[in-house]
Amino acid sequence: MVILFPRDTKVGEPASEKRLNKLQFIKQITTQGEDGEEAEDVPCTVAEFQADIRGRFLEILEEGGITATQFPSIDGDEDFLKVYLAPDGQNIRQMAETLRYSMPYKEEKYRELKANGPYKGHEPEKNDDGNVVVAYGTYTCAKGDDFEEFKFIDTVRVLEQYLARRVSLEAMEMEGVILQYFPCPKAKEMEYLYLEESNLQRCKNWALPNHDNANKIRDYFGEDIAFLYCFYAYLIRSMALLAVGGAIYFLLAVFFSESIKENDGYLRTGFCVLLSIWATMLIQVWGRRQTRICQLWGCDQARIKETDLPEWDPNGGKHTALVNALALLYVAVYAALTEGMLEWTKQEAEEGRDGTIAAFALTLVIKGGGFLWGKMVPRLVRCENLRTEREYQEKLTSLLAGVKIFVALYPLVAQCFLAPYNDVKCYPDVATAMNETWSISPEMVESGHYNSTIHILQDDYMFTRWGAQLPACVKGCYPTLRSSSGALPITLPGQEQETQAYPYVHKFSDTQCQDAAVVNLRTYFAIQIVTELAFLIIGIALTKYEIWKEQKKANKEDSSGEKAGYSLLQYSAKCWKYEYYNWGGSLVEDYLDIAIAYAVVVCFGLITPVMAVIATAAFMLSYRLRIYRALYVAQRPSPCTSTGMGIWHDIFKYINTVAVICNAALSALFFYPSRSWSLWKQLLVFVVIEHAVLILRQAVDFLVPDEPDDVAKIRHYNEYFVKSIESSDMSNAIANTNLSYIDLSLNPENMGDDDDDEDTEDS
């Protein structure tokens, strides 16, 4: 681990605004009360405070037998303190035993296991992925040879857990004692992951990602980030099926446009049902795979460490109701703003203008709404005075995901499902409605050449409100009339005969709502790809700029004129932390970006099926770029243990439930022919489709267990292995007793033999 301490020439001056209370801050920084008892409760200068805390920190390192080296930055304004534990030393063994650290057993240890009933013994089992799965156990020095050797990631975790018991590095950073801390980067591991997962110059990295390097990612980043990339790879490979279907639909639409158009509504309705079933199975299958990975990495037996937040106030109150109310208020304000944008979009379409600008503006509203909420959420969550980091992350995630997914989906929900009923316009008679909406004048109606178009418009997109002041009403979504390719000679009353093209529609013609939704979807994904590339490039550029500034300062102070060297540790110190709203990204934001894009595709992608192809390609590029950013733009994060995706697993299940509802609504309300049905018939079809898919999902959940058969088999086998080891250890530790005086034979007094002799004499 690397810890950066500031070198400040002004650190010895008293604080200008207030004097520091040493005792108060020492109790905040140390995690054991007795460490601050010897401090005097008197004001002190910043220099005195820094000297006291740094001295105490060095004492903690010495007491733990931790090795440390020190070197300055190239410009001399920082001190690098590199602390580490030897993976084969005795100190890490003692710490691991004290911390009850979980470690995997050696495969060789299984050779001592005897076969017993269903257990084959002598070797560990393999799961269905072909991986050898060994048992995990709590490390002890006495049985140290039974466990695998400590890896670098284990030394980092043991060191962090030991320090967390004595001192809060987060509080030290908040109080300015240290600048930052992070695990040491490893050049070989970084290069390997870059070549295998992120280097786009290699052809293999343009293929669908897989789980071949999941163990390498886990050993470098930890389980929480490894689960992110495992799920992302699984999601991309699953979406390839949708991409194939979207590509086939696109090719059919190109080469068989007329026949496809006539049956387009039926095809899309069928695809909606299949997509709902696909989404239902997606998370169920992933849950089983996650269980298998969790067993392989020993996550199911890991002890998740709960760390208190430095800002937690044990005497403070919570304001959960206020925070949730503000979230609902933000959603309401955003929905009102979005309705205004959609009205402008509709006006642009009615005036015959290109909808790209309106779609671009709507996408900016979506991005802007999400960005603003992302800035507000951390401040709102801090108002709740949550105690642990896990509670903070879960609350942050739930607020971010709930509102941001709504922000992304609401414009499409309003366009597809609300506009037909919210944007209704009524006129005094049918002729006026035809003229105002489609520019079909009464003279054109009387010519008789528009009869089929007029019948379609009247039957499918107009309705009468009996008793209303304006009885002739037009639905909010209707098709735009198109000019025919041929010219037709017509004679309007009172005019000479002229040749002109006349407008027309088919029953299956796309509505202006559908056209706008297609443009919005394509614009959204285009901007999503551009912004992701932009953020990556900006992060790299800012890192390079910080390095350039430091090198320039060092070269200016060095009179020899030689260019100062730059190590990997110094480069990492200038990288961005892997934390929320930073150029290096964060776990919450990575999951959130995936969830939002996935929600848009799975809920509304079938409005334009080729979107599945675009989304899959965008996800593939995003996967590679995110790994590159994690390696070279962000600092190496602490390798946190995780039992899976956590709350994100539930979030994706909720997204799939919303997807079932949206796809059922698209089938029953939006696509042809259902959009021309009566409202009662539409609602009936919607309820039937939605309930059928949800019942199917419940049936799948009931019939398919969360734990695969191979995982259950290995779990029982490894439990037998651990019990056998514990029994053997118990036998070796207990002194034997002599019970030779106990006779438990079937006939200890030979009673049966005497009776047999008497019977013989009588005979």
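S.K.: Can you explain the overall build of the protein chain? Please cite residues and give values.
M.R.: Per the secondary structure count, the protein chain includes 24 helices and 17 strands. Burial status across the protein chain gives 47% buried among its 763 residues. Taking as baseline every contact in the protein chain between residues at least 6 positions apart, the subset at least 24 positions apart corresponds to 79%.

S.K.: Give a description of the sheet that holds strand E10 (residues 180-182) that names residues and reports values.
M.R.: Taken together, four strands build an open sheet; the order of strands is E4-E5-E1-E10 and the sheet is antiparallel. The open sheet terminates on both sides in strands that have one partner only, identified here as strand E4 (67-72) and E10. Sheet twist, expressed as the average angle between the axes of neighbouring strands with direction ignored, equals 20 degrees. In this structure, strand E1 (residues 2-6) lies alongside strand E5 (residues 78-84), joined through five bridges in antiparallel fashion. From the neighbouring strand, valine 2 faces E5, where its bridge partner is lysine 82. In this fold helix H2 (residues 46-63) packs onto E1 and E5, with an angle of close to 160 degrees to the strand it touches most, E1.

S.K.: Talk me through helix H10 (residues 264-296); I want residue IDs and the actual numbers.
M.R.: Here H10 contains 33 residues, and its C-alpha end-to-end distance of 46 Å stays within 8% of the 48 Å for a straight helix at 1.5 Å per residue. Count one or two residues on from H10 and you reach glycine 298, which has phi positive near 70 degrees.

S.K.: Please give an account of the sheet that holds strand E12 (residues 462-464) that cites residues and values.
M.R.: As summarised here, the arrangement of the three strands in space is E11-E13-E12, forming an open sheet in which the pairing is antiparallel. In this open sheet, the two strands that pair with only one neighbour each are strand E11 (425-427) and E12. Shown here is a sheet whose adjacent strand axes are inclined to one another by a mean of 30 degrees, direction ignored. Alignment of E12 against strand E13 (residues 472-474), held across three bridges, turns out to be antiparallel.

S.K.: I'd like to hear about the nonpolar core, residue by residue, with values.
M.R.: Counting 116 residues, the largest nonpolar core has Phe604, Trp648 and Phe652 as the members making the most contacts within it. With 16 residues, the top contributor of residues to this core is helix H13 (residues 389-422). Residues Leu61, Tyr110, Tyr139 and Leu169 belong to the second largest nonpolar core, which totals 41 residues.

S.K.: I'd love a proper account of the confidence of the model for the protein chain, names of residues and values included.
M.R.: Per-residue confidence for the protein chain gives a mean pLDDT of 80, with 82% of residues at or over 70. Taken together, the stretch residues 33-37 has pLDDT below 50 and engages in nine contacts with residues farther than four places along the chain or on a different chain. Counting contacts from residues 485-500, a segment whose pLDDT is below 50, to residues more than four positions away or on other chains yields 24 contacts.

S.K.: How would you summarise the pattern of salt bridges if you had to cite specific residues and measurements?
M.R.: This structure, assessed with the given rule, holds 27 salt bridges. For the salt bridge of arginine 56 with aspartate 52, the shortest nitrogen-to-oxygen distance reads 2.5 Å. Here arginine 56 pairs with aspartate 52, and both are found in helix H2, just four residues apart, close to one helical turn. For aspartate 710, the salt bridge identified is with arginine 292, shortest N-O distance 2.9 Å. Taken together, the residues span a long stretch of sequence, with aspartate 710 in helix H23 (residues 709-733) and arginine 292 in helix H10 at a distance of 418 residues. Of the residues examined, aspartate 710 reaches a relative accessible area of 8% and is grouped as buried. Using a relative accessible area of 11% as the deciding quantity, one classes arginine 292 as buried. Through salt bridges with shared partners, one network takes in Lys151, Arg157, Arg218, Asp219 and Glu223.

S.K.: Before we move on, can you summarise the environment of isoleucine 689 with the specific residues and values?
M.R.: Note on placement: isoleucine 689 falls in helix H22 (residues 679-703). Overall, the relative accessible area of 17% leaves isoleucine 689 in the buried class. Sequence-wise, isoleucine 689 and alanine 664 are 25 residues apart; in three dimensions their C-alpha atoms are separated by 5.7 Å. Leave out the neighbours within four places in its chain, and isoleucine 689 touches Val273, Ala664 and Ser667.

S.K.: Describe the packing of helix H8 (residues 223-255) against H10, naming the residues involved and giving the relevant values.
M.R.: Closest axis-to-axis distance for the H8/H10 pair is 11 Å, and the angle between their directions is 160 degrees. Between H8 and H10, the interaxial angle falls into the category roughly antiparallel. Two packed elements cross with a definite hand, and for H8 against H10 that hand is right-handed. In terms of residue class, the contact of H8 with H10 is built from 19 nonpolar, two polar and two charged.

S.K.: For the pairing of E1, give the residues involved together with the corresponding values.
M.R.: Burial runs high along E1: five of the five residues are buried. What you see with E1 is no split at all: Val2, Leu4 and Pro6 on one side and Ile3 and Phe5 on the other are buried throughout. Alignment of E1 against E10, held across three bridges, turns out to be antiparallel. Bridge pairing links valine 2 to phenylalanine 182 in E10.

S.K.: Residues and numbers for the packing of aromatic side chains, please.
M.R.: Counting across every chain of the model gives 32 aromatic pairs. Each ring, one from tyrosine 105 and one from phenylalanine 721, has its centre 5.3 Å from the other, and the planes form 85 degrees; the classification is edge-to-face. Taken together, the residues span a long stretch of sequence, with tyrosine 105 in the loop between strand E6 (102-104) and strand E7 (125-126) and phenylalanine 721 in helix H23 at a distance of 616 residues. When its relative accessible area of 4% is taken as the criterion, tyrosine 105 is described as buried.

S.K.: Hey, could you go over the state of the cysteines for me, with residue numbers and the actual values?
M.R.: Overall, the coordinates contain two disulfides when judged by the stated rule. Between the sulfur atoms of cysteine 426 and its disulfide partner cysteine 473 the distance amounts to 1.9 Å. Handedness here is read from the sign of the S-S torsion; for cysteine 426 and cysteine 473, about 100 degrees, the answer is right-handed. Highlighted residues: cysteine 426 in strand E11 and cysteine 473 in strand E13, separated in sequence by 47 residues. Here cysteine 477 connects covalently by a disulfide to cysteine 513, the sulfurs 1.9 Å from one another. Judged by the sign of its S-S torsion, about -90 degrees, the cystine formed by cysteine 477 and cysteine 513 is left-handed. With a gap of 36 residues between them, cysteine 477 in the loop between E13 and strand E14 (482-483) and cysteine 513 in helix H17 (residues 512-557) connect regions that are remote in the sequence. Take cysteine 477 and cysteine 513: they sit in the same class, and that class is buried.

S.K.: Please provide a residue-by-residue account of the environment of proline 209, values included.
M.R.: Within the element layout of this structure, proline 209 appears in the loop between helix H6 (187-198) and helix H7 (214-221). When the C-alpha atoms of proline 209 and methionine 620 are compared, they prove to be 7.4 Å apart, with 411 residues separating the residues in sequence. Other than its neighbours up to four places away in sequence, proline 209 contacts Ala233, Ile236, Arg237, Met620, Tyr623 and Arg624.

S.K.: So what about the pairing of E4? Which residues, and what values?
M.R.: Pairing of E4 with E5, which is carried by six bridges, proceeds in the antiparallel orientation. Residue pairing for E5: phenylalanine 71 is matched across the bridge by phenylalanine 80. Count of turn residues in the E4/E5 antiparallel hairpin: five residues, of which glycine 76 carries a positive phi of about 75 degrees.

Definitions and limits used
Numbers given for residues are sequential positions, taken from 1 along each chain in its written order. At least 70 in pLDDT is required for a residue's local features to be given in this predicted model, at least 80 for side-chain atom pairs to be given and counted, and no such filter applies to totals for whole chains, interfaces and linings, which use all residues. Derived side-chain values reflect all non-hydrogen atoms in the structure, with water molecules and hydrogen atoms excluded from consideration. For the purposes of this entry, the term helix denotes a DSSP run of H or I that reaches at least four residues, the term strand denotes a run of E that reaches at least two, and both are numbered from the N terminus. Burial classification: accessible surface area is computed with a 1.4 Å probe over protein chains only, and a residue below 20% of its type maximum counts as buried, one above 50% as exposed, and the rest as partly exposed. Pairs of residues are marked as contacts when any of their non-hydrogen atoms sit within 4.5 Å. A pair of strands is labelled paired if DSSP reports no fewer than 2 bridges between them. For helices, the fitted line uses only the C-alpha atoms of the stretch in contact; every axis is such a line through C-alpha atoms, and the angle between N-to-C directions lies from 0 to 180 degrees. Take the number of residues in a helix, subtract one, and multiply by 1.5 Å to get its expected span. Throughout this description, the term nonpolar core refers to a set of buried Ala, Val, Leu, Ile, Met, Phe, Trp, Tyr and Cys residues connected via side-chain atoms within 4.5 Å. On a range of 0 to 100, pLDDT expresses the predictor's confidence in each residue. Only one rule defines a salt bridge in this text: a Lys or Arg side-chain nitrogen within 4 Å of an Asp or Glu carboxyl oxygen. Oblique is the label for every angle not falling under 35 degrees (roughly parallel), over 145 degrees (roughly antiparallel), or within 65 to 115 degrees (roughly perpendicular). Crossing handedness is defined as follows: a turn of the near helix away from the far one that is anticlockwise and smaller than a right angle gives a left-handed crossing, while the clockwise case is right-handed. Put simply, Ala, Val, Leu, Ile, Met, Phe, Trp, Tyr, Cys and Pro go in the nonpolar bin, Asp, Glu, Lys and Arg in the charged bin, and everything else, Gly too, in the polar bin. Think of it this way: a Phe, Tyr or Trp ring, Trp meaning its six-membered ring, pairs with another when their centres are within 6.5 Å, and the plane angle makes it stacked under 30 degrees, edge-to-face over 60, tilted otherwise. When the sulfur atoms of two cysteines come within 2.5 Å, that pair is taken as a disulfide.

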